[in-house]
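# Coordinate inspection notes
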Amino acid sequence: MSLFYVVAFLSIIFALLVIFTKNPVHSVLYLIATFFTFTIHYIILNAQFLAVVNFIVYMGAIMVLFLFVLMLMNLNTDTEPMKSTLLKVVGAIAGGCLLVTLVGSMKTLSSASTTAMDNTGIGLVENLGKVLFSDFLLPFELSSILLLAAMVGAVLLAKKDNKTA
Amino acid sequence: MSTLIVISILAIVVLYLGLFKAKQALLPISVLGLVAALALAIMEWNSNAAPIFSGMMHFDNFAVAFSSICIITTILVFLLSKNYFEKISDNVAEYYTLILFALSGIIVMVSYHNLSMLFVGLEIMSVSLYILAGIKRKDFASNEAALKYFLMGAFSTGFLLFGIALIYGASKSFDLAVIAQYVIDRPTGIDPIFYVGLVLMIVGLCFKVGAAPFHFWTPDVYEGAPTLITAFMSTVVKIAGFAAFLRLFSICFAPLQDFWMPTLLVITILTLFVGNITALYQTNFKRMLAFSSISHAGYMLFAIVALGAASTNAIFIYAAAYAVSSITAFAVLMLVKAKTGSENFEDFNGLAKSNPFLAFALTVAMLSFAGIPLTAGFIGKFFVFNAALAQYHTWLVAIAVVNAIIGVFYYFKVIVAMYFKDNQTKQIATPAYFNFVLGVSLIITLVLGIYPSFITNLF
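None of the values given here were measured: they were computed from a predicted structure.

Of regular secondary structure, chain B possesses 20 helices and zero strands. Relative to a compact globule of 459 residues, whose C-alpha radius of gyration would be 23 Å, chain B shows 21 Å and is just as compact. Expressed along its principal axes, the backbone C-alpha trace of chain B runs to roughly 70 × 55 × 40 Å. Buried positions account for 63% of the 459 residues belonging to chain B. Long-range pairs, those at least 24 residues apart, make up 79% of the contacts in chain B between residues at least 6 apart in sequence. Per element, the accessible surface of chain B, about 15,900 Å² overall, is 69% carbon and sulfur. Separation between the mean location of the 22 positive side-chain charges and that of the 18 negative ones in chain B comes to 8 Å.

So this is what it looks like as structure tokens:
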């Protein structure tokens, strides 16, 4: 349990640092650290598959993409557009409202139920695979259409076209 | 299920046809395939289907009705696409493929019986549309539309997914039947987290159907996207969004009406006023149609606010009426734009003299939008208002009637331009496909308006 608190503390610290650092590259690096703490959370929760996916896809692929884009765009404090005060206030109020709602519901939740999981091994790769290929076979197969559509679209938008539209 | 398989395979076949440079075969094969899919869908009517694939999909009468209307509208859009994509690019086959992929996602959206299916269907549809909105790659407005749609859409998907996750956390299932049972079993003491999930799902779905205050993407995206894609987005996609919305709420959340009704009520009223009042000030016909589509989303939300036995029927009729009128409006807009190069109200001046049929079809469509009797739009509004009145939302109907009157103003602008303003223009050549689509839409609008019992007793 103490491990959980240490990791949770670290995630919050890193998440705050993502927002508060001025340099976008540092922001991304802190985001990687945040994701890494999430990976530890998943391992503590016995969710192997999520941990691996989070590690490879989020920390690996997406973060590299982020860094790549940032370096291409050469963002720094000078080029960052200034947001108006009104926008900041509106954002703070809207975000605060969502936070209050969520916290409120979480608070009433904690007293209501502490459900034990029926099967603690549900997050293991083997069990997940079994569920994915039996109960969730149809959505799994349908995802192929989603990927194909995205692939066709990416080629379509990126390929050089002789005709000018 | 067979409908979904046919449409998915059709999409891949069309993609291969593009590879083999069989350009002439694209349109006939797409339309034939869709007709086959439509026939397969209608054959499932009243077959008392049970949920299939471990409760993932349920092709009931609701699904049959809404898939049929989406497939028919897509066929009409395809018929308008003759020679349209060729002007934009050489890769015509891919556009047909993407529309078909979007349609397969829509079939999933109207027949899901599991929240994971809802999500997958919605994503298939959205991803295809993000691309379709941006197919005019050299056009700044089209790029803006695609990017805006993508960012807003991804954001709204986040809300929806968060909502699904919280509902799963409370009810321990994605299955609609299990969630419904969870709600029924607990007259009091539903997890608060379930309510948060419900609200987040409302936000996500309202984004997708373009209801205020989540409508900000709609005008820019509809205006920037190629007109044919806008026609597809504002008809098929909107109907699918409402079908998914209605299916979720009527199966799962009906007992919680006291909780979500006020929220949706506010959204509905806001949508009506924002859509109608902003539409009044538009000079661009396409942008006016975008705002009018927001206001029509408001009318359709009515039936969900007054959720009951009549809701499905009300939304179905309204959607049918709205779809055929929109197709007519966009078809005429495409013709006028091809000739004048812009899409303002002035471009319609004198259309009644040069092209009487076009002007007449557009007039009927506008009357149907405005809800004038003897058109399908009137029947649609009548049923939607009727459903609301049945639950004593009297003042809500009063607000809607005020809005309908505001609507008449801007819908008549174009009629006035066509009939009472002169402009020495030459006749616009209308291809046979366009005449066919306009004729079919005109007949459907009038037949539904005069003899509505064709589809009023479906459910």
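With that settled, the discussion passes to helix α18 (residues 394-420) of chain B. In this model α18 of chain B runs 38 Å from its N-terminal to its C-terminal C-alpha over 27 residues, within 8% of the 39 Å that 1.5 Å per residue would give. The largest bend in α18 of chain B amounts to roughly 30° and is located at F412 of chain B.

We now examine a nonpolar patch on the surface. Residues and elements named next belong to chain A. A contiguous nonpolar surface patch, about 690 Å² in accessible area, is contributed by F36, V52, F55, I56, V57, Y58, I62 and F66. Considering each element in turn, the nonpolar patch owes the most residues, seven residues, to helix α3 (residues 48-73). With respect to the helices, strands and loops of the structure, F66 is situated in helix α3. On the basis of relative accessible area, F66 is assigned to the partly exposed category, the value being 40%.

In terms of nonpolar packing, the biggest core is built from 198 residues, with F85, F285 and F348 of chain B touching the most fellow members. Of the residues forming this core, the biggest block, 19 residues, is contributed by helix α14 (residues 311-340) of chain B. Filtering out sequence-adjacent residues up to four positions away, F348 of chain B remains in contact with F285, V332, L333, V336, L362, V414, A417 and M418 of chain B. Counting seven residues, the second-largest nonpolar core is a separate cluster that includes V28, I32, F35 and M63 of chain A.

In this complex, chain B contributes 42 residues to the contact, which on the side of chain A involves 32 residues. For the pair chain B and chain A, the interface holds zero salt bridges. Across the contact surface, chain B and chain A share three residue pairs in polar contact (both at pLDDT 80 or more). Within the residue set of the side of chain B that touches chain A, elements represented by two or more residues are α1 (2-19), α4 (85-88), α5 (92-111), α6 (115-133), α7 (140-171) and α9 (192-209) of chain B. Class assignment for the residues of the side of chain B that touches chain A results in 25 nonpolar, nine polar and eight charged.

Excluding glycine, residues mostly have negative phi values, and the peptide bonds linking residues are mostly trans. In this structure, the amide linkage connecting A212 of chain B to the following residue, P213 of chain B, adopts the cis form with an omega of 0°. If you trace the backbone, P213 of chain B turns up in the loop between α9 and α10 (217-224). Residue N46 of chain A is not a glycine yet carries a positive backbone phi of 70°. Locating N46 of chain A in the fold gives a position in the loop between α2 (24-44) and α3. What makes N46 of chain A partly exposed here is its relative accessible area of 34%. The backbone phi angle of S54 of chain B is positive, close to 50°, even though this residue is not glycine. Topologically, S54 of chain B is positioned in the loop between α2 (23-43) and α3 (61-80). With a relative accessible area of 46%, S54 of chain B lands in the partly exposed category.

All names here are of chain A. Secondary-structure assignment places L128 in helix α5 (residues 125-132). C-alpha separation for the pair L128 and V28, spaced 100 residues apart in sequence, amounts to 31 Å. Setting aside chain neighbours within four positions, we find L128 in contact with F49 and I122.

All names here are of chain B. If you trace the backbone, H296 turns up in helix α13 (residues 285-305). Among the residues examined, H296 registers a relative accessible area of 2% and is labelled buried. With residues up to four places along the chain from it excluded, the contact list for H296 reads Y318, Y322, F369, K381 and Y411.

Residues and elements named next belong to chain B. Contact pair α2 / α5: the axes reach a minimum separation of 10 Å and the direction vectors enclose 15°. Between α2 and α5, the angle is such that the two are roughly parallel. Regarding α2 and α5, the two cross each other, and that crossing is left-handed. Contacts between α2 and α5 pair K23, L26, L27, S30 and L34 from the former with V92, A93, Y96, L100 and L103 from the latter. For the contact of α2 with α5, a count of residues per class yields eight nonpolar, one polar and one charged.

Here is what the cut-offs are and how they apply
Residues numbered from 1 in each chain as written. Chains lettered and ligands numbered in written order. Predicted model: local features only at pLDDT ≥ 70, side-chain atom pairs only at ≥ 80, totals over all residues. Heavy atoms only, no water. Helix = DSSP H or I, 4+ residues; strand = E, 2+ residues; numbered from the N terminus. Rg over C-alpha atoms; globule rule 2.2 N^0.38 Å. Buried < 20%, exposed > 50% of the residue type's maximum accessible area, 1.4 Å probe, protein only. Contact = heavy atoms within 4.5 Å. Areas by Shrake-Rupley, 256 points an atom, 1.4 Å probe, with all protein chains shown as cover. Lys, Arg positive; Asp, Glu negative; His and termini not counted. Charge placed at Lys NZ, Arg CZ, Asp CG, Glu CD. Expected span 1.5 Å × (residues − 1). Bend = angle between axes of the 7 residues up to and from the residue. Patch = residues over 30% accessible without salt bridge, like charges linked within 9 Å, V, L, I, M, F, W, Y side chains within 5 Å. Salt bridge = Lys/Arg side-chain N within 4 Å of Asp/Glu carboxyl O. Core = buried A, V, L, I, M, F, W, Y, C linked by side-chain atoms within 4.5 Å. Polar contact = N/O pair within 3.5 Å; in protein donor to acceptor, adjacent residues only side chain to side chain. Nonpolar A, V, L, I, M, F, W, Y, C, P; charged D, E, K, R; others polar. Axes fitted to C-alpha atoms, helices over the stretch in contact; angles between N-to-C directions. Parallel < 35°, antiparallel > 145°, perpendicular 65-115°, else oblique. Left-handed = near helix turned anticlockwise from the far one by under 90°.

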